[in-house]
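Per-entry structural report
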Amino acid sequence: MNTYAQVFQGTAFTSQSPKEIKVLKDHLFCIDENGVIAKILAPIDIAYNDVLKEYENTDAFHRINEGTYILPGFIDLHVHAPQWIQAGTALDIPLNDWLNTYTFPTEAKFADVDFATKVYADVVDTLLANGTTTALYFATIHKEASIVLAKTCAEKGQRGLVGKVVMDDPEQTPSFYKDADTKTALADTEEFIVAVKELGKSTKQGVYPVVTPRFIPSCTDEALRGLGELAKKYDTHIQSHCSESDWAHGYVQERFGKNDAQALNDFGLLQDKSVMAHSNFLTDEDAQLFADTGSAIAHCPVSNAYFANSVIPIARFMAMGVEIGLGSDISGGFSPSLYDNTRQAVISSRMLEDGVDSSLPATTRGVPNSRITLNEAFYLVTAGGGESLSLPIGRLEVGFAWDAQMIDTRTANARLPIYEVDKKEIDIFEKIIYLARPENIREVWVQGEKVHTR
Ligand SMILES: [Zn+2]
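Throughout, a residue's number is its position along its own chain's written sequence, starting from 1. Where local features are concerned, this predicted model is filtered to residues with pLDDT of at least 70; where side-chain atom pairs are given and counted, the filter is 80 or more; whole-chain, interface and lining totals use all residues. Based on all heavy atoms of the structure, the side-chain values leave hydrogens and waters out of the count.

Here we look at the overall build of the protein chain
Secondary structure elements are defined from DSSP: runs of H or I of at least 4 residues count as helices, runs of E of at least 2 residues count as strands, and each element is numbered from the N terminus. Along the backbone of the protein chain there are 15 helices and 17 strands. Here the C-alpha radius of gyration of the protein chain, 22 Å, is about what a compact globule of 454 residues would show, namely 22 Å. Over its C-alpha atoms, taken along the principal directions, the protein chain stretches across nearly 65 × 60 × 40 Å. Put simply, the protein chain has 454 residues, and 59% of those count as buried. In what follows, a contact means two residues having at least one pair of non-hydrogen atoms within 4.5 Å. A separation threshold of at least 6 residues defines the contact pool for the protein chain, and within that pool the share at least 24 residues apart is 73%. Both definitions apply: the radius of gyration is a C-alpha atom measure, and the globule rule equals 2.2 Å times residues to the power 0.38. Exposure is judged per residue with a 1.4 Å probe applied to protein chains only, and the accessible area is read against the type maximum: over 50% gives exposed, under 20% gives buried, and values in between give partly exposed.

What follows is the structure, encoded as structure tokens:
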């Protein structure tokens, strides 16, 4: 019997550190039966030719064609699966109005399980086709439909972390879209956690329940406290929104006399497996609390341009040691592609550094040292996402899951401009990150299983 379930031969890019990309040229990636990278061999390694000889004429062997490159799968740390039905529309009004006018009526439709089943299949297929191998999802307040989303991830082979959303404060939520009461919200959450944990036992790539207070404004103190306790009892991930906009940030200050981060921490909602969306208005003290508790930021740069009233100082928070990954934030962000968000993360950081008001002198226009490089943005969308979720994903390294995307730079009608001058692989890497489209993503693998082909 063969030692490995799969062996891939090809050139790959993975983060060595936030600033450095490691180029693995013509390497062999040996994957075990659990879908984990068991060995990586360079052509100069003594075992290389032996493994090649043993596998190259078997079904387990995959030679990646010239012109195609292997990247780690991308990790989406913030996506509202039900909002896919309104993606690309309704981006014209501020956050609080947007929620009440468009988003809550949209999410209310997911009381219908058949409707949810149909939409969630589309969402998971679309994200996989865009190279997203792991997604941290907000579902809706509905327990059944939220379980449907977890089942859809399990069946389609995506690593899904799914939250049933809690919104129990009658004063801050519309009557047509809220939990019946606090007790029901907590009981539904607990039943949801138990059901998804059970489902996870038979799911190779893993599906995980996530404790999900929508954000402080939609929850009572009792619910927030109860959710912190449930997360502790079942050792689950936690997600919410934190200090997203002037309005959201100000609301929490008014209600508690402190910032979101401190309030979330006091309710037991900041811990190693916590991921907080946006977090634009964190003070350095708040950011330090994130770093100390191991809580992560889901940076959603496309969405932020519409709803966050600011550009988050991501370079500063990276330097402080906060765990950070990227999120699409469908549908505050219109794009299901983390390529788009990786590009926007770089663009937004450059605009923060230079500043945006051309009537100001250059010396006072921007915030110095705010830019991040393309390599750093790539780190966030891969390794940073894995660290944020405390899972062995996001790197092509021994011990990590084989979550990979095969990028064909020669796809008809989507050919990347790679010519003889691009001798350096790192130039090809940059072209892929800036220019690749879904058409270039030929195959997507999660935990050693092929989940998408085109
Ligand atoms: Zn969101």
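What to know about the nonpolar core
Grouping buried Ala, Val, Leu, Ile, Met, Phe, Trp, Tyr and Cys residues that are joined through side-chain atoms within 4.5 Å yields what is termed a nonpolar core. One finds L71, F290, I432 and I433 to be the most contacted residues of the largest nonpolar core, which totals 62 residues. A per-element tally of this core places helix α6 (residues 221-234) first, with 6 residues. Ignoring sequence-local partners within four residues, the contact set of F290 consists of C242, A261, L270, M276, S279, L282, S295, A296, I297 and V322. F110, A116, A139 and V207 belong to the second-largest nonpolar core, a separate cluster that totals 26 residues.

What to know about the coordination of the zinc ion
A 2.8 Å cut-off from the metal defines N, O and S donors, relaxed to 3.2 Å for Na, K and Ca; water is not in the atom list, so some sites may appear incomplete. Those protein atoms acting as donors to the zinc ion are H78 (NE2), H80 (NE2) and H241 (NE2), and they sit at 2.1 Å. Spacing between the donor residues of the zinc ion along the chain follows H-x1-H-x160-H. Judged by relative accessible area, which is 1%, H78 ranks as buried.

Description of the pairing of strand β16 (residues 441-446)
Pairing of strand β15 (residues 404-408) with β16, which is carried by 4 bridges, proceeds in the antiparallel orientation. The partner of Q405 across the bridge, within β16, is V444. Pairing between two strands requires that DSSP report at least two bridges joining them. When β16 meets strand β17 (residues 449-453), the two strands line up antiparallel, connected through 4 bridges. From the neighbouring strand, V446 faces β17, where its bridge partner is E449. The hairpin turn running from β16 into β17, its antiparallel successor, is 2 residues long, and Q447 in that turn takes a positive phi close to 50°.

Re a nonpolar patch on the surface
Every patch collects residues that have over 30% relative accessible area and no salt bridge, joining them within 9 Å if they carry like charges and within 5 Å if they are nonpolar side chains (Val, Leu, Ile, Met, Phe, Trp, Tyr). Accessible areas in this description were obtained via Shrake-Rupley with a 1.4 Å probe; residue shielding takes into account the shown protein chains only. Whenever Lys or Arg places a side-chain nitrogen within 4 Å of a carboxyl oxygen from Asp or Glu, that contact is recorded as a salt bridge. A grouping of I347, M351 and V356 is seen on the molecular surface, where their side chains present a nonpolar patch of about 290 Å² in accessible area. Inspection of the secondary structure assignment puts M351 in helix α12 (residues 338-354).

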